[in-house]
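# Summary of structural features
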Amino acid sequence: AQSVTQPDIHITVSEGASLELRCNYSYGATPYLFWYVQSPGQGLQLLLKYFSGDTLVQGIKGFEAEFKRSQSSFNLRKPSVHWSDAAEYFCAVGAVGYSTLTFGKGTMLLVSP
Amino acid sequence: DGGITQSPKYLFRKEGQNVTLSCEQNLNHDAMYWYRQDPGQGLRLIYYSQIVNDFQKGDIAEGYSVSREKKESFPLTVTSAQKNPTAFYLCASSIWRDTQETQYFGPGTRLLVL
């Protein structure tokens, strides 16, 4: 069975500092990988996705993520965090032919002034 | 505007009562999904449907029921058998079997027990 681990429940970053959120997955097939963001009381917004090809993918709001097959990781990065980035971030994994996704438990990002 | 709508935003349930959460999409997506979100638990799949008049149980289907009579609509009923229904419920949709199938989410419904 597939699984997704987001090791950090909370992360606090100073505004303007760089950010890396970790995501590790366990999946037998070639994975599809996603990062979503959720503001309080809202639905999930897609930040970026990886299906194949270039392992460094760019997303919205200045985010990027790198797929590392050898480490089973898909970490999310941003070079300079803004206060509006404070939210909860979810990593998810899926596969070709299987429309369901498995989600991690999320990482709450707090941005300090 | 194309998108996914969920109603109501807040819903209150009395003990022993069934309640129905609405999910509508105008994206012409084939597949629709219901997730339950609890603090610190991430999203857990309740039911999903890949085509009209067909649906499958997810990981936590007990106490819930769904129907898919129209492509655009996938209502979720929380029955009295669900003993702990207080949660945030999210609906999503996707183009099934698309080479880059991606799920898009609605704004959610928060269900509270009186």
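For the structure, see preceding data.
Residues numbered from 1 in each chain as written. Chains lettered and ligands numbered in written order. Predicted model: local features only at pLDDT ≥ 70, side-chain atom pairs only at ≥ 80, totals over all residues. Heavy atoms only, no water.

Here we come to the interface of chain A and chain B. The interface of chain A with chain B comprises 18 residues on the first partner and 23 residues on the second. Interface area, chain A with chain B, both sides summed: about 1600 Å², of which 53% is carbon and sulfur. For the pair chain A and chain B, the number of links is zero salt bridges. Linking chain A to chain B there are four residue pairs in polar contact (both at pLDDT 80 or more). Elements with a contribution of two residues or more to the side of chain A that touches chain B: strand 5 (31-38), strand 6 (44-50) and strand 11 (98-103) of chain A. (Contact = heavy atoms within 4.5 Å. Buried area = accessible area lost by both parts, 1.4 Å probe. Salt bridge = Lys/Arg side-chain N within 4 Å of Asp/Glu carboxyl O. Polar contact = N/O pair within 3.5 Å; in protein donor to acceptor, adjacent residues only side chain to side chain. Helix = DSSP H or I, 4+ residues; strand = E, 2+ residues; numbered from the N terminus.)

Next up on the list: the nonpolar core. Residues and elements named next belong to chain A. Membership of the largest hydrophobic core comes to 28 residues, with the highest contact counts inside it found for L19, W35, L47, L48, F74, L76 and Y89. Of all the elements in the fold, those that place two or more residues in this core are strand 2 (10-14), strand 3 (19-21), strand 5, strand 6, strand 8 (64-68), strand 9 (73-78), strand 10 (87-95) and strand 12 (107-112). A total of five residues in this core trace back to one element, the largest contributor, which is strand 10. Dropping the residues within four chain positions of it, Y89 is found in contact with Q6, L21, W35, Y36, V37, L47, F63, L76, G106, T107 and L109. (Core = buried A, V, L, I, M, F, W, Y, C linked by side-chain atoms within 4.5 Å. Buried < 20%, exposed > 50% of the residue type's maximum accessible area, 1.4 Å probe, protein only.)

Let's shift gears to the environment of B:Q82. Residue and element names in this part refer to chain B. For Q82, the location among the structural elements is in the loop between strand 8 (76-78) and strand 9 (87-94). In sequence terms Q82 and N18 are 64 residues apart; their C-alpha atoms lie 9.3 Å from each other. Contact partners of Q82, with chain neighbours within four places excluded, come to R13, R36, E62, G63 and Y64.

Here we take up the state of the cysteines. Inspection of every chain in the model, using the stated rule, returns two disulfides over all chains. Between A:C23 and A:C91 runs a disulfide, and the two sulfur atoms are separated by 2.0 Å. Taking the sign of the S-S torsion, about -65 degrees here, the bridge from A:C23 to A:C91 comes out left-handed. Within this pair, whereas A:C23 is found in the loop between strand 3 and strand 4 (24-26), its partner A:C91 is found in strand 10, the two being separated by 68 residues in sequence. Here A:C23 falls in the buried class, since its relative accessible area comes to 0%. One disulfide in the model links B:C23 with B:C91; its S-S distance is 1.8 Å. Its S-S torsion of about -75 degrees marks the bond between B:C23 and B:C91 as left-handed, since a negative value means left-handed. Here the residue B:C23 occupies a position in strand 3 (residues 19-25), and B:C91 occupies one in strand 9, the gap between them amounting to 68 residues. On the basis of relative accessible area, B:C91 is assigned to the buried category, the value being 0%. (Disulfide = S-S within 2.5 Å.)

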